[in-house]
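# Secondary and tertiary structure notes
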Amino acid sequence: MVKSPSETLTVIDNRTNKTYTVPIVDNAVPATAFKQMAAHAQPGEREENETSKGLRVVDKGFLNTAVMRSQITYIDGDAGVLRYRGYPIEQLAVHSSHLETAYLLLYGSLPTKDQFKIFESEVILHGVVHAEAEQFFRSFRYDAHPMAMLTSAFTYLGSYYAEANPSLQGQALFTKGTPASLAVMDKQIYRIIGKATTLAAMAYRVRQGRQFVVPPTGMSYTESFLFQMDYLAQGSYKPNPVLVKALDVLFLLHADHELNASATTVLQTGSSLVDPYSAIAAGCASLYGPLHGGANEAVIRMLISIGKPENVPAFLESVKKRERVLSGFGHRVYKTSDPRSFIVRKTADEVFAVTGQDELLETAMALHAAAMKDEYFVKRKLAPNVDFWSGLIYRAMGFPLDFFPVLFAVPRVVGWLAHWRQMMLQEGGVKIWRPRQIYVGSGKRDYVPLDARTPVTGPKLTPSVVVHSGCVLYCGG
């Protein structure tokens, strides 16, 4: 297809007076097009700028950089829109389930009854882990963070499946697109989704000093998860259906969110053609960070620190003075409202009807009402996001605060796998991700012998001194 002049970008390089035409495809320009825009270095310019090798594009934090073409999730942050494979999240939350939506995200369409039956049975069947996993989990300290355990567990899991390791089976293992290759890929998808809840439940129970529970048969994905978490040898125990449904909705809402930090980490790691278990473990490590997976935990800690509803005005004033942080409001992507927050708010009411009203709910409601009426927050488009209400739900259901990121990671495994699968099967194959940098360090300098060096001191320029305890002999001061 020949591009019309309106589908191109004209760039005039004032350094050389040269004009360049850059194609626009799907409202995007290729960053590599700027490599042709080379110039002679200016007098005194650093050679490390590599001016003669073409322009580089700087985008700290990936604020406006697209790294791949995707058919999975669409977000319009200005309009508050979230769609999985074209389906509005509001419709899926009402009519679908987490596993049905997982099928949609992975394979591109809603399954028929027979297709879903096969997919669900495979996922549930692969929920059982090797008996040696018990020894693995019991090797952690009693106070180990559950995300540390889950991250390690996914890597550990990969050690069992040599047939899924491109380092052992050949680097084209998952990129061929042949029936045999797709079958190997799908089996790992079943295993990872199926075992995610089992590993998470084991991370929970080991800290409780409880025996591990084999995934039951005849239960849904989220029902089985709650069973594995809470079963205490009651003969007829079944999780409350309202809580099962609530958790399923939360899992569905958290299943994917386009190229967020953890999904990008999975793809960055996966671009080396490592096995999917290692890539998923990398995603867990990224989500573990407080700027990503710890947001709903931060909301609860914030509400606890506020205390009673009457303390809300003073708290908001301290936020305006940048003395406190307002958690659960605003979003990197959404500039109006998070469409998931409305769904979660309704789900919260259903959960509280079973568990009783959380003592923090009144404080949360007061904070919500006050912030939405305050011009300071309205002007900055700081509306409640999904984390504001989901933390209250998890707390009401009895989950420990530090388990909240696990409840984020388990469903997000689906989105990570969907993006990983898409990258493995993309047209043109997989290219290892290798971003550029702008080097601003020292120019070339010659080695100085040890005795001839002048000390360099100051904050950030020398290593910190560590105070050691329990030294019998000299410990360096």
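Description of the structure in this document. (Residues numbered from 1 in each chain as written. Predicted model: local features only at pLDDT ≥ 70, side-chain atom pairs only at ≥ 80, totals over all residues. Heavy atoms only, no water.)

## A short note on the pattern of salt bridges
Tallied over the entire structure, the rule returns 16 salt bridges. With a closest N to O distance of 2.7 Å, Asp-402 and Arg-207 form a salt bridge. On the criterion of sequence distance, the pair formed by Asp-402 in the loop between α17 (386–396) and α18 (404–424) and Arg-207 in helix α7 (residues 179–208) is long-range, its members being 195 residues apart. On the accessibility criterion, Asp-402 (19% relative accessible area) is buried. Close ionic contact of Arg-301 with Glu-297 constitutes a salt bridge, the shortest N to O distance being 2.8 Å. (Salt bridge = Lys/Arg side-chain N within 4 Å of Asp/Glu carboxyl O. Helix = DSSP H or I, 4+ residues; strand = E, 2+ residues; numbered from the N terminus. Buried < 20%, exposed > 50% of the residue type's maximum accessible area, 1.4 Å probe, protein only.)

## Concerning unusual backbone geometry
At Asp-26, a residue that is not glycine, the phi angle is positive and equals roughly 55 degrees. One can find Asp-26 in the loop between β2 (18–23) and β3 (73–76). A relative accessible area of 59% means that Asp-26 is categorised as exposed. Even without a glycine there, the phi angle at Asn-27 is positive, about 60 degrees. Note that Asn-27 resides in the loop between β2 and β3. With relative accessibility at 74%, the residue Asn-27 sits in the exposed group.

## Things to note about the nonpolar core
Membership of the largest hydrophobic core comes to 119 residues, with the highest contact counts inside it found for Phe-154, Ile-193 and Leu-367. With 14 residues, the top contributor of residues to this core is α18. If we skip the residues at most four places from it in the chain, Ile-193 touches Leu-99, Leu-106, Phe-119, Val-123, Tyr-221, Val-413, Val-414 and Leu-417. If you look at the next biggest cluster of nonpolar residues, it comprises 6 residues, including Val-11, Ala-33, Phe-34 and Met-37. (Core = buried A, V, L, I, M, F, W, Y, C linked by side-chain atoms within 4.5 Å. Contact = heavy atoms within 4.5 Å.)

## Things to note about empty space enclosed by the protein
Applying the stated rule across the entire model yields 2 cavities of 30 Å³ or more. Of the voids in this model, the largest cavity is the one considered here, and its volume is about 60 Å³. Lining the largest cavity are Val-123, Ile-124, Gly-127, Gly-194, Thr-197, Pro-215, Pro-216, Tyr-221, Ser-224 and Gln-228. At the level of elements, α3 (113–125), α7 and α8 (221–230) are the ones that each hand at least two residues to the lining of the largest cavity. For the lining of the largest cavity, the element with the most residues is α8, which contributes 3 residues. A per-class count over the lining of the largest cavity returns 5 nonpolar, 5 polar and no charged. (1 Å grid on protein atoms, 1.4 Å probe; cavity = no way out; pocket = protein on both sides within 12 Å on 5 of 7 lines; lining within 4 Å. Points joined across faces, edges and corners; volume = space filled by probe spheres on them. Nonpolar A, V, L, I, M, F, W, Y, C, P; charged D, E, K, R; others polar.)

## Considerations on the packing of aromatic side chains
Summed over all chains, the structure comprises 22 aromatic pairs. On the numbers, 5.2 Å between centres and 90 degrees between planes, the contact of Tyr-156 with Tyr-160 is edge-to-face. The class of Tyr-156 is buried, set by a relative accessible area of 17%. Using a relative accessible area of 28% as the deciding quantity, one classes Tyr-160 as partly exposed. Seen in terms of ring centroids, Tyr-394 and Phe-399 are 5.9 Å apart; in terms of plane orientation they differ by 85 degrees. Their pairing is edge-to-face. (Phe/Tyr/Trp six-rings, centres within 6.5 Å; stacked < 30°, edge-to-face > 60°.)

## Some points on the environment of Ala-279
Its location among the elements puts Ala-279 in helix α11 (residues 276–287). Using a relative accessible area of 0% as the deciding quantity, one classes Ala-279 as buried. Spatially, the C-alpha atoms of Ala-279 and Lys-379 are 40 Å apart, while their sequence positions differ by 100 residues. In this view, Ala-279 contacts Val-266, Thr-269, Gly-270 and Val-274; residues no more than four positions away in its chain are not counted.

## Comments concerning the side chain of Asp-256
Looking at where Asp-256 falls in the secondary structure, it is placed in the loop between α9 (241–253) and α10 (261–270). Arg-412 provides the closest opposite charge to the buried, unpaired Asp-256, separated from it by 5.1 Å. Only 3.4 Å separates the side chain of Asp-256 from the backbone nitrogen of Glu-258, close enough to count as a polar contact. Residues within four places of Asp-256 in sequence aside, it is in contact with Ile-72, Thr-73, Tyr-84, Leu-105, Arg-412, Gly-415 and His-419. (Lys, Arg positive; Asp, Glu negative; His and termini not counted. Polar contact = N/O pair within 3.5 Å; in protein donor to acceptor, adjacent residues only side chain to side chain.)

## Examining the sheet that holds β3
If you walk across this open sheet you meet the 3 strands as β3-β4-β5, and the pairing is antiparallel. In this open sheet, the two strands that pair with only one neighbour each are β3 and β5 (87–88). The sheet contact formed by strand β4 (residues 81–84) and β5 spans 2 bridges and is antiparallel. When the sheet's bridge partners are listed, Tyr-84 is paired in β5 with Tyr-87. (Pairing = 2+ DSSP bridges.)

## Some details on the packing of helix α12 (residues 295–306) against helix α15 (residues 361–373)
In helix packing, the relevant descriptors are the interaxial angle and the interaxial distance, both defined with respect to the helix axes. Closest axis-to-axis distance for the α12/α15 pair is 10 Å, and the angle between their directions is 95 degrees. In terms of axis orientation, α12 runs roughly perpendicular to α15. Contacts between α12 and α15 involve Met-302, Leu-303 and Ile-306 from the former and Thr-363, Ala-364 and Leu-367 from the latter. Residues of the contact of α12 with α15, tallied by class, amount to 5 nonpolar, 1 polar and no charged. (Axes fitted to C-alpha atoms, helices over the stretch in contact; angles between N-to-C directions. Parallel < 35°, antiparallel > 145°, perpendicular 65-115°, else oblique.)

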